[in-house]
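# Tertiary structure, described
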Amino acid sequence: MHIAHVAPEMAPFVKVGGLGDVVGSLPPAQARDGHRVTVVVPGYAKLLAAAGRTPGDGTPVEVGFPTATYAGVVHSFEHQGVRVLAIEQTELFGRPGIYGNPEGYPDNGLRFGWFVRAALEALGALAPVPDVVLAHDWPAALVPVFLASAPAGHPLKGTASVMVIHNLAHQGLFPLEFGGYLGLPDAQLGPGSLEGMGLMNWLKGGIVNATRVLTVSPTYAHEILTPAFGEGLDAALRSRGSALTGILNGLDTATWNPATDPHLPRAFDRDHLEGKWQVKAALQEELGFRVGDYPLFGIVTRVDAQKGVDLVAAITPWLLEAEGQIVLLGSGHRPLIKPLVDLAPYWTQSIALVERFDEPLAHRIYGGSDFFLMPSRFEPCGLSQMIALRYGTVPVVRRTGGLADTVRDVDERPEDGNGLVFEHADPGGLGWATGRALALFRDDRARLDRIRRTGMLDDFSWDGSARLYDAVLEEAVQRVRPATEA
Ligand code: ADP
C-alpha cells in the first residue's frame with residue numbers, strides 16, 4: 001500500500017505531545033513492513049532547521065482563497081525510510097509556535113485550512129497517489145471532507161481516508177461562513193457534516209466523512225461513545241458504528257531505551273537496576289534536591305486540566321511531609337498548579353518546577369524517578385506512562401483510556417502488576433494510590449523492584465499495533481476501491 005499521513009507534528013522535528021511521537025514512529029514502522037509511506041507536515045521554521053533544509057529549496061505550491069493566494073514550497077526528503085513532504089509557507093508557519101498554545105493563534109483556521117489544501121495538492125501530484133490518507137487530529141481533519149467531495153477525475157478520487165483521533169478535546173472550531181472561504185462545498189457545511197452547535201467543527205467533519213475512524217486505545221474508543229467522554233461528538237461517533245476502532249499507540253523503542261539513551265548519565269536495564277540509582281542521584285543533584293534515599297515523583301506533561309496536574313498540586317503538601325521529592329516538567333495553564341507554584345520557592349530541596357519543553361531533561365526524569373504521576377481525567381492513549389514503564393519508573397495512574405489499557409494495578413494483579421491505579425479523579429483517589437506507592441518504597445523495596453522489572457518487560461513497540469493498523473487501512477482501501485472502479 002501507499003500510505004500517506006497528514007499531520008501537524010512529527011518527532012524528532014517538531015513535537016508538542018504524543019501525536020508528534022506517533023507520527024515520528026508509526027510511519028517508519030509501516031515502511032519497515034514494506035509499505036510506501038509519505039508524511040505531509042507544515043514546514044515550520046523549526047522543522048526545516050532540524051531537518052537541515054534550506055528555506056525556499058523545493059517545489060512551488062499555490063493555494064488560492066477568495067481574497068488572497070498563498071504560495072508555498074514543498075520540501076521533499078527521506079527520513080527513516082519515509083518520504084517527508086514539509087510544506088513551507090512563511091507567513092503562516094514561519095513563526096516560533098506550532099499551535100500558539102494555550103489560546104491558539106487567531107488565524108489557525110487559515111493556517112491549517114491552507115495546509116490541508118496544499119497537502120492534498122502535493123499528494124495528488126505523486127505517482128502513484130496514496131491508496132489511503134491518515135488525517136491526524138483537527139488540524140488535518142478537513143482531509144476526509146475534501147476527499148469525500150472530490151469531483152470525478154480528481155487524482156485522489158479513489159483514495160480512502162482515515163481520521164485518527166489523538167484527542168477529542170481539541171476539535172478545530174471556526175465560524176461556518178469561513179468554510180466557503182476555504183473552498184468547502186455548501187453541502188459539507190450543514191449539520192450532517194461540518195456544522196456543530198452553529199460552528200464549523202473540523203473534527204466532526206473528519207469523523208463523519210472518513211472511510212474509517214481510528215483512535216489511540218481500545219478503552220478510549222469505548223469511552224468516547226458516551227456523553228461523559230464524547231466532548232459533544234459522541235453522537236457523531238456512534239453514527240459510525242463499527243467503522244470506529246481503537247488501536248493502542250506504540251513507542252519509538254529505539255529512542256526510549258534506558259540501555260542506550262544518550263541523555264542519561266548512566267545506562268541501565270532490568271538486570272542492572274543499579275544504574276538507575278545513579279541516574280536518580282544525578283537527577284537529584286541537577287535539581288538541587290537532597291541526594292539520598294527519598295521517594296522521587298516525576299511528572300512530564302502539558303499543564304492542562306486533562307492531565308489532572310491540579311490533583312498533583314493538591315497532594316503536594318502531604319507528599320512533602322512524607323519526605324517525597326517532586327519534579328514537574330511542563331508548561332501551560334499555571335493556575336492549575338498554584339499550590340505547587342506557591343510552595344516551590346520554600347521547598348527548593350524537594351520541589352522542582354521546570355516550566356518549559358525540554359526533551360533531554362524529560363529523559364532524565366523518566367530515568368531517575370521512582371514513580372511517575374499521571375492522574376489524567378481522560379487519556380486517549382498516553383505515551384508517558386509507557387515510557388516510564390520502560391525506564392523502571394512505576395506509574396501511578398487513573399483508570400481511564402490508554403492508561404487502563406497499559407497499567408495493571410499491583411494489588412489487583414500481584415503476579416504481573418506494573419503500577420498503581422485509582423478510579424476517582426480527586427485528591428483522595430490520587431492520594432490513596434500514592435500512599436500505596438510510598439508504602440512500597442518504605443516497607444517493601446524488594447517487591448517494588450520486582451514491579452519495576454515487570455514493567456520493563458512490557459512490549460510497547462509498534463510491531464503489534466502496526467499490524468492492526470494494516471488491517472484497518474486495507475479495509476478502508478477495499479471500501480473505496482470497488483465504488484470508484486465500478
Ligand atoms: P499528550 O499527547 O496528551 O501530551 P502523551 O503522554 O501521549 O500526552 O505524550 C506526551 C509526550 O510529550 C511524551 O513523549 C512526553 O515525554 C512529552 N512531553 C510532554 N511535556 C513535555 C515537556 N515539557 N518537555 C519534554 N517532553 C514533554
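Refer to the structure above for everything that follows.
Summary of the structure given here. Throughout this description, residue numbers start from 1 for each chain and increase along the sequence as written. Given that this is a predicted model, residues contribute local features only at a pLDDT of at least 70 and side-chain atom pairs are listed and counted only at 80 or more, while totals for whole chains, interfaces and linings are drawn from all residues. With hydrogens and water set aside, each side-chain value is computed from the structure's full complement of heavy atoms.

If even one non-hydrogen atom of a residue comes within 4 Å of a molecule or strand, that residue is called near it. The immediate surroundings of the ligand are formed by 21 residues, with Gly18, Asp21, Arg302, Lys307 and Tyr366 found nearest. Between aspartate 358 and the ligand, the recorded distance is 3.0 Å, taken from a backbone N or O atom to a nitrogen atom. Taken by itself the ligand offers 560 Å² of open surface, and the protein chains cover 93% of this. Contributing elements (two or more residues each) for the shell around the ligand: helix H1 (18-32), helix H13 (359-368) and helix H14 (384-390). Comment: elements are numbered from the N terminus, with helices defined as DSSP H or I runs of at least four residues and strands as E runs of at least two. Of all the elements, H13 adds the most residues to the shell around the ligand, at three residues. For this classification, the nonpolar set comprises Ala, Val, Leu, Ile, Met, Phe, Trp, Tyr, Cys and Pro, the charged set comprises Asp, Glu, Lys and Arg, and every other residue, Gly included, is treated as polar. The residue inventory of the shell around the ligand, partitioned by class, reads eight nonpolar, six polar and seven charged. Two N or O atoms form a polar contact when they lie within 3.5 Å of each other; inside protein one atom must be a possible hydrogen donor and the other a possible acceptor, and for residues adjacent in sequence the pair counts only when both atoms belong to side chains. A 1.4 Å probe and the Shrake-Rupley method give the accessible areas. Residues count as covered only by the protein chains that appear here.

Right, let's talk about the pairing of strand E3 (residues 59-65) for a bit. The side chains of a regular strand alternate, first on one face of the sheet and then on the other. If DSSP finds at least two bridges between two strands, the strands pair. Alignment of E3 against strand E4 (residues 68-79), held across seven bridges, turns out to be antiparallel. If you follow valine 63 over to E4, its bridge partner there is tyrosine 70. In sequence, E3 turns back onto E4 through a hairpin of two residues.

Judged by pairing direction, the sheet is antiparallel, and its three strands sit side by side in the order E8-E10-E9 without closing on themselves. Edge positions in the sheet fall to strand E8 (173-175) and strand E9 (195-196), since each of these pairs with one other strand and no more. Bridge count for E8 against strand E10 (residues 199-201) is three bridges, and the pairing is antiparallel. Bridging from a neighbouring strand, leucine 173 pairs with asparagine 201 of E10. In this description, contact between two residues means that some pair of their heavy atoms is separated by no more than 4.5 Å. Note on definitions: angles span 0 to 180 degrees between N-to-C directions of axes, and those axes are lines fitted to C-alpha atoms, for helices only across the stretch in contact. The strands touched by helix H7 (residues 202-209) within the sheet are E8, E9 and E10, with E10 carrying the most contacts at an inclination of about 50°.

In spatial order, the strands read E15-E14-E13-E16-E17-E18; together these six strands make up an open sheet with parallel pairing. Each having just a single partner strand, strand E15 (351-354) and strand E18 (420-422) make up the two edges of the open sheet. Across the sheet, the mean angle from the axis of one strand to that of its neighbour is 15°, orientation sign disregarded. Sheet topology note: the strand E17 (residues 394-398)/E18 ladder contains three bridges and is parallel. Its bridge partner being in E18, valine 396 is matched across the sheet by leucine 420. Contacts from helix H11 (residues 309-321) reach strand E13 (296-300), strand E14 (325-329), E15 and strand E16 (371-374) within the one sheet, and its direction differs from that of E14 by about 160°.

Before going further, it helps to examine the nonpolar core. Think of a nonpolar core as a cluster: buried Ala, Val, Leu, Ile, Met, Phe, Trp, Tyr and Cys residues, connected wherever their side-chain atoms sit within 4.5 Å. Relative accessibility under 20% of the residue-type maximum defines a buried residue, over 50% an exposed one, and the middle range a partly exposed one, all with a 1.4 Å probe and only protein chains included. Ranked by size, the top nonpolar core spans 75 residues in total, and within it Trp114, Met200, Trp202 and Ile207 carry the most contacts. Per element, the largest residue contribution to this core is ten residues, and it comes from helix H4 (residues 108-124). Those residues in contact with tryptophan 114, other than ones at most four positions away along the chain, are Val61, Val63, Phe65, Tyr70, Ala71, Gly72, Ile87, Glu88, Gln89, Leu92 and Phe93. Among the nonpolar cores identified, the runner-up in size contains 55 residues, and Leu134, Leu273, Leu361 and Ala476 belong to it.

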